[in-house]
Amino acid sequence: MITGLLGKKVGMTQLLENDGRVIPVTVIKAGPCVVVQKKTKQKDGYDAVQLGFVEFVKPKRVNKPMTGHYKKSNVAPARFLREIAVQGEEGANPGDQVKVDIFSQNELVHIIGTSKGRGFAGLVKRHHFRGGRATHGSMFHRAAGSIGSSAYPSRVLKGMRMAGHLGNARVTVQNLRVARVDQENNLLFLRGAVPGPPGGYVIVEKSGR
């Protein structure tokens, strides 16, 4: 059994429950995905499948090695390609489609995505430093302050919280609950927020594996 799916974040909306509660959800276009390659324990040392998110890609955007890789499995090129673990002996073969119906309502899933890039950020935004006072002629507001340690060891220690690149990193959000599954439109409604901007690619995995 395939334990996950590739998808694209559509955005956030709300669902109205029968008891009047409003549930904030993130909409994921989960699949359809196609199996591009099958990994086996005998040949590769582990069981998994390589999935491709079904989406039109211009042929000139695919290099020759990847064109041959897709042609070997007789599938169309994919822009987003990732490996997903497989449980049990039953797996999928190259060319098989995997759809959103592998998930069910109220199931817990893990989401892996890429967070929004924030560029070069300062201490206050990146590490939530408080900063200095804004009154009585203070000249210390959003600066870093002291980072050294005097005569010994006379260097800046590794891991010091400083200004730098923020965001655009792999983020995993665990145990989001599936609020609704729309099999007709391949949509997955997840309670809560998902990393990344609308249009960003994500991996949806079952949390019980």
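Just so it is clear, the model here is predicted, and its values are computed rather than measured. (Residues numbered from 1 in each chain as written. Predicted model: local features only at pLDDT ≥ 70, side-chain atom pairs only at ≥ 80, totals over all residues. Heavy atoms only, no water.)

### Let's talk about the confidence of the model for the chain
In this model, the chain carries a mean pLDDT of 89, and residues with pLDDT of at least 70 account for 98%. Looking over the chain, one finds the lowest element-wise mean pLDDT in helix H1 (residues 41–44), namely 84, and the highest in strand S8 (residues 119–121), namely 96. (pLDDT = per-residue confidence, 0-100. Helix = DSSP H or I, 4+ residues; strand = E, 2+ residues; numbered from the N terminus.)

### Description of the pattern of salt bridges
Oppositely charged side chains may form a pair once their charged atoms are brought near each other. Within this structure, the stated rule accounts for five salt bridges. As a salt-bridge pair, Glu83 and Lys39 come within 3.6 Å of each other at their nearest N and O atoms. Of this pair, Glu83 sits in strand S5 (residues 81–85) while Lys39 sits in strand S3 (residues 33–39), and the two are 44 residues apart along the sequence. Its salt-bridge partner being Lys206, residue Glu107 comes within 2.8 Å of it at the nearest N-O pair. Here Glu107, found in the loop between strand S6 (97–98) and strand S7 (108–114), pairs with Lys206, found in strand S12 (residues 201–206); they are 99 residues apart in sequence, far enough to count as distant. Of the residues examined, Lys206 reaches a relative accessible area of 11% and is grouped as buried. Salt bridges sharing common partners tie together Lys8, Glu55 and Arg79. (Salt bridge = Lys/Arg side-chain N within 4 Å of Asp/Glu carboxyl O. Buried < 20%, exposed > 50% of the residue type's maximum accessible area, 1.4 Å probe, protein only.)

### Details of the packing of aromatic side chains
Counted under the stated rule, the structure contains two aromatic pairs. Measuring from centroid to centroid gives 6.0 Å for Phe53 and Tyr201, while their planes differ by 75°, and the two rings are edge-to-face. Taken together, the positions of Phe53 in strand S4 (residues 48–53) and Tyr201 in strand S12 put the pair 148 residues apart, joining distant regions of the chain. Judged by relative accessible area, Tyr201 falls into the partly exposed class, the value being 23%. (Phe/Tyr/Trp six-rings, centres within 6.5 Å; stacked < 30°, edge-to-face > 60°.)

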